[in-house]
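Observations on the model geometry
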Amino acid sequence: MSASSAFNDEKGGSSSVGEPEYGHDPASGGIFSSDYKRHDDLKEMLDSNKDSLKLEAMKRIVAMIARGKNASDLFPAVVKNVACKNIEVKKLVYVYLVRYAEEQQDLALLSISTFQRGLKDPNQLIRASALRVLSSIRVTIIVPIMMLAIKEAASDMSPYVRKTAAHAIPKLYSLDPEQKDQLIEVIEKLLADKTTLVAGSVVMAFEEVCPERIDLIHKNYRKLCNLLIDVEEWGQVVIINMLTRYARTQFLNPNINESLLEEGGEKTFYGSDDEDDEDDEEKEKKEEAAAMVKRKPYVMDPDHRLLLRNTKPLLQSRNAAVVMAVAQLYFHLAPKAEVGVIAKALVRLLRSHSEVQYVVLQNVATMTIKRRGMFEPYLKSFYIRSTDPTQIKVLKLEVLTNLANETNISTILREFQTYIKSMDKDFVAATIQAIGRCATNIGEVRDTCLNGLVQLLSNRDELVVAESVVVIKKLLQMQPEKHSDIIKHMAKLTDNIQVPMARASILWLIGEYCEHVPKIAPDVLRKMAKSFTNEEDIVKLQIINLAAKLYLTNSKQTKLLTQYVLNLAKYDQNYDIRDRARFIRQLIVPTDKSGALSKYAKKLFLALKPAPVLESPFKDRDHFQLGSLSHLLNAKAGGYQELPDWPEAAPDPSVRNVEVPEWTKCSSREKRKEKKVEKPFYSDSEGESGPTESADSESDSASGSESRSASVSEESRSGSESEESEEEGEGEEEEKERIKEASQSSEEEERKIKRKSKQRKSESESESEEEEEEESESESSQSEAESEDSESEAEVKKKKKPAKKESKNEKKEMSLLDLDDFEPTPSPQVTPVNTFLSNSLVTDLEGLSLTDTVLAPATIAPSSALKSFELLHRITGEGLSVEYCFSRQPFSPDAHMVAVQMQFTNSAASEAKSLHMEDAKLQSGMRVKEFPEIEVLPAGETATVVMGIDFCDSTQAANFQLCTHTRKFFVSIQPPVGELMTPVFMTENEFKKEQGQLMGMNEISEKLTLGDKCQNEHAIVQRVTAAANLSRVPCGSDKECRFAGRTVTSGSLVLVTVATKEEGAAQLTVNCEKMVIGTMLVKDILLGLTQ
């Protein structure tokens, strides 16, 4: 039965029996078509034995729910199919149950055992759906079962199930808040998860359940910063907002010095005459504080820098919420000099929908009050379009007014003149207010603005005139004596203007400055007394005030008028006006009963009043976190968490240090070598990660170590990239000492290894039994490990030599972390053949690998196994040809970059000069370290250089221009996926443990038939290492080849297994956190093995 016919049947069936939703008239006979016949066909289909019919029925039911129809009466029939073996049916049943489990709790409880069985289903989608249904049943009696299910799901192998567990935590917490302590334990465990799928969900659960438990974030802070770029957009917003609050409690204010200076400056700027005689003691204290600030320059915490650097690329996100989250993070956390980067991203969002524009402009308006300079270059982006809705226009006006200064005010005022002609009256009123604010803020244009506003008084539109009057009133208060003509002009308007606020403003002005218009003021009062009874309340109050002021200054002309007005007011309907009249009568008309205040009536009424300060309505909004609902509403919304104040003293940064397993702790080469000498090869790994440990502890330690290593490498990058001169100055001396120590220890190791290799040749018979057993068990892996160590140490030695010459650039060129990164460098990098040479040959070559013939990474010649690619053909390059290959060496300036070796050949008759690269056009997140310029390349000569590219674990091309002194050539380098990796050395146990954590969606398996030339182990290893930069992992089985590596940028593990079977059949398995890389790698290796 097709879907369309099914829907037609449903419609037809329901119309023939009459749908009970429309009600029934008993007389019409509709009473006999009772409800039990509704959806009979669906119930029959659900009861049938055919999976196809059940699937069709479930599709129709889910479609009904999607159309908003009630399908709750089908609950019993659907629940029966929970145990169905067909996965598609099961998924749809779970979708239905999530919708109705809360309504039909009793029926849902009957099938709770089925849900519990579903939690152990081999399919991760079923396990996740079962947990989702279980957490949707809102009955307190099953809280213990839900808790148990969440705990089990939290340690599930599938990240999708762990994500669902994180979603279930807030549901359980809202059902039973007493479970908080147990839920916090689960949150703590999930926070240690290293997959990007889980990160956003668990941080959301953390924010819902225990946002105050900031200590849970310490150990996971660096990992969250590093994962942020790969988390889904919804998760990015949640994590960024949480990390903003975290950073405000853990780091010092980066603008502390500037804010102290600003406060001092503001006090002196606004200080009045009364404050001039400040105590000398206070001045001395300020000077001391300023001296303290100068003595202790602010140094940014590396973790603070890590957060800022890792969030910056997200400003290019397609999601407006993510961009807004990063913008608020930078506004609240970044040094003033760095906040400017967010301006361009926010301006980009102004091209989006009006709803997004509204939120962005609200935040921009707040930012422009404190950081005006940030948005000044983008002034034209805030010009108003005729198609903008009113609320957007008003917000853009607000921003333009905030950005106005002496240099751009003429441009802005010209814009405002155009806006006044608009048909949108609210917008025109807002423009007039904006002109007023510009006039008060910038003294130079005050007269110009006043004249412009006075011209508007002759406008036909009453609203425009009224708004102008209100603004002029505020401006005149600043310099009333200069502008008596304007006051006279406004007095004439009382006959025409009917808007109450405008009339009240004119009357207040005339009363306040009646000395400047002594002839006109009494006449205005006379006219107002006539129309007193018909005026609005606000105007009546100002008429009474005008009468009182004129009585005190010109009682001869206005005494009777004042009494008349007060008598009218005495019997007014509004009690405010009646009270005001009684109060003023007693104050200004002296009688026997009047008190002492009447003597001071003139001072009370005609006291000098300060001019009103026209301020932005966004002035005090920045105490709310930008981007939050509370900021948008300018009122504290439910669930809003205050942004903490910066701490006065920096909390201990060591709380964020992650304890790493022993084998990664010993960073110096000496300790590692001692361990290898003292313990047998396998006992080392078994002792540290043996099978006795629980799976939970293993995963925790693994994720901890990985996040630590990632953060350490990030810190090293931040050290080299950071532009903080203070940090560089302090750290340079320590770095030199470390490098010296490391290079000295590496020299000692070389001597030890030389002695050891000589002893092996001469005294091989007199070795102990333990060493013989060890050799017999893992001879090949032992020799590989030693050859790797020796080679990497030789590389360290080579790197040490130029370090002496370049003392200033030393920190950028090389850091201690780079030295440690050489440890896992496998032999295939220099000569891929080493991996599969015979054991005896490896031992023979061991001593040779330490000689001076080993090339430093910067000048390594491409091995025959490394494939070369053409970058520039000699015809296109007019005699200059360029080839490149991926040298598979660590790129010393930055361990996160892939080293690309380029060979320039000049086939032309003349020499080529100034060979360099320019104008790198890269995808977001990618970086390039340019190769050193080749000043001259003579005709017929060849030159080799090395450049570094951070491809961000993607195969997207890096585009740039190759330039000579005369020409520019557009070229691009696109990496094969196998070159985005660096080899990792690991034992068999470690390989199995890591593979166990990368199952489910992270595992890709393919069956294949090996090619004719690829039937033996030697050939398989050669093909796999040629396709990908991986190292061989020791394996007890003859029929399996294992390889391991990590992606260069993020350090994600890549594990490859090739299991051979009979008659040339084989199975290829790739385990990788990044599924895209895994999929592409499978294709490349398949191609290599089947040819």
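To keep things clear, this report deals only with the structure shown in the data block. (Residues numbered from 1 in each chain as written. Predicted model: local features only at pLDDT ≥ 70, side-chain atom pairs only at ≥ 80, totals over all residues. Heavy atoms only, no water.)

Side note on the overall build of the chain
Secondary structure assignment for the chain yields 48 helices and 15 strands. Put simply, the chain shows about 53800 Å² of open surface, and 51% of that area lies on carbon and sulfur atoms. (Helix = DSSP H or I, 4+ residues; strand = E, 2+ residues; numbered from the N terminus. Areas by Shrake-Rupley, 256 points an atom, 1.4 Å probe, with all protein chains shown as cover.)

Regarding the pairing of strand β2 (residues 880-890)
The buried fraction of β2 is high, at 9 of 11 residues. Direction of pairing for strand β1 (residues 868-872) relative to β2: antiparallel, over a ladder of 4 bridges. Directly across from Ser 868, in β2, lies its bridge partner Cys 885. (Buried < 20%, exposed > 50% of the residue type's maximum accessible area, 1.4 Å probe, protein only. Pairing = 2+ DSSP bridges.)

Topic: the packing of aromatic side chains
Going through the model one piece at a time under the given rule, you end up with 13 aromatic pairs. Geometrically, the ring pair formed by Tyr 221 and Tyr 246 is stacked, given 5.1 Å between the ring centres and 25° between the ring planes. Of this pair, Tyr 221 sits in helix α14 (residues 221-227) while Tyr 246 is found in helix α15 (residues 233-250), placing the two residues 25 residues apart along the sequence. The exposure class assigned to Tyr 246 is buried, which follows from its relative accessible area of 0%. Note on Phe 375 and Phe 382: the rings are 6.1 Å apart at their centroids and 75° apart in plane angle, and the pair reads as edge-to-face. Phe 382 shares its class with Phe 375; the two are buried. By the ring-pair criterion, three or more aromatic residues cluster together here, those being Phe 75, Tyr 96 and Tyr 100. It is Lys 473 that lies over the ring of Trp 508; its NZ or CZ is 5.0 Å from the centre. In this structure, Arg 656 is placed above the aromatic ring of Tyr 221, and the distance from its NZ or CZ to the ring centre is 5.7 Å. (Phe/Tyr/Trp six-rings, centres within 6.5 Å; stacked < 30°, edge-to-face > 60°. Lys NZ or Arg CZ within 6 Å of the ring centre and 35° of its normal.)

A word on the sheet that holds strand β4 (residues 912-921)
Here 4 strands make up an open sheet; going across it, the order is β6-β4-β8-β9 and the pairing antiparallel. Edge positions in the sheet fall to β6 (934-937) and β9 (968-973), since each has one partner strand and no second. The sheet shows a mean angle of 35° between the axes of neighbouring strands, direction not considered. Looking at chain direction, strand β8 (residues 958-963) and β9 are connected through 6 bridges and run antiparallel. (Axes fitted to C-alpha atoms, helices over the stretch in contact; angles between N-to-C directions.)

Re a nonpolar patch on the surface
Together, Leu 597, Tyr 600 and Leu 604 give the surface a local cluster of nonpolar side chains, amounting to about 320 Å² of exposed area. Among the secondary structure elements, Leu 604 is positioned in helix α35 (residues 601-605). Looking at Leu 604, the relative accessible area reads 48%, which means it is partly exposed. (Patch = residues over 30% accessible without salt bridge, like charges linked within 9 Å, V, L, I, M, F, W, Y side chains within 5 Å. Salt bridge = Lys/Arg side-chain N within 4 Å of Asp/Glu carboxyl O.)

Topic: the sheet that holds β1
Pairing is antiparallel in the open sheet, where 5 strands are placed in the order β1-β2-β3-β7-β5. Every interior strand has two partners, whereas the edge strands, β1 and β5 (927-929), have only one. If you compare each strand with its neighbour and ignore which way they point, the axes differ by 30° on average. Pairing of strand β3 (residues 898-906) with strand β7 (residues 942-950), which is carried by 8 bridges, proceeds in the antiparallel orientation.

Re the pairing of β9
Alternating positions in β9 separate cleanly, Phe 969, Val 971 and Ile 973 being buried on one face and Lys 968, Phe 970 and Ser 972 remaining unburied on the opposite face. Connecting β8 to the next strand, β9, in antiparallel fashion are 4 residues.

A short note on unusual backbone geometry
One non-glycine residue with positive phi stands out, namely Arg 888, at about 60°. The exposure class assigned to Arg 888 is buried, which follows from its relative accessible area of 7%. For Glu 1063, which is not glycine, the phi dihedral falls at a positive 55°. With respect to the element layout, Glu 1063 can be found in the loop between β14 (1053-1060) and β15 (1065-1072).

Points about the state of the cysteines
Under the definition given, this model contains 0 disulfides. Cysteine Cys 449 remains unbridged, with the sulfur of Cys 438 as its closest cysteine sulfur at 6.5 Å. Given a relative accessible area of 4%, Cys 449 falls into the buried group. (Disulfide = S-S within 2.5 Å.)

A look at the pattern of salt bridges
Opposite charge on two side chains lets them pair, provided their charged atoms get close. Considering all chains together, one arrives at 35 salt bridges under this definition. Of the charged contacts in the structure, one is a salt bridge between Glu 88 and Lys 91, with a shortest N-O distance of 3.7 Å. Linking Glu 88 with Lys 91, this pair stays in helix α5 (residues 87-100), spanning 3 residues, or about one helical turn. The class of Glu 88 is partly exposed, set by a relative accessible area of 42%. By relative accessible area, Lys 91 is classed as partly exposed at 25%. In the salt-bridge network here, residues are joined through shared partners; they are Arg 222, Asp 301, Asp 303 and Arg 656.

Re the side chain of Thr 562
Structurally, Thr 562 is set in helix α33 (residues 555-570). Thr 562 gets classed as buried once you look at its relative accessible area, which sits at 1%.

Remarks on helix α9 (residues 143-154)
Given 3.6 residues per helical turn, the α-helix brings residues three or four places apart onto the same face. Helix length check: α9, at 12 residues, gives a terminal C-alpha distance of 16 Å against a target of 16 Å (1.5 Å per residue), a fit within 8%. Turning to α9, its buried residues are Val 143, Met 146, Met 147, Ala 149, Ile 150, Ala 153 and Ala 154. Looking straight down α9, one finds its buried side chains confined to an arc of 165°; they lie on one side. Along α9, exposed side chains directed more than 90 degrees from the buried face belong to Pro 144 and Leu 148. Each element contacted by the buried residues of α9 is listed here: α8 (124-136), α10 (159-175) and α11 (180-191). (Expected span 1.5 Å × (residues − 1). Arc of directions from axis to C-beta. Contact = heavy atoms within 4.5 Å.)

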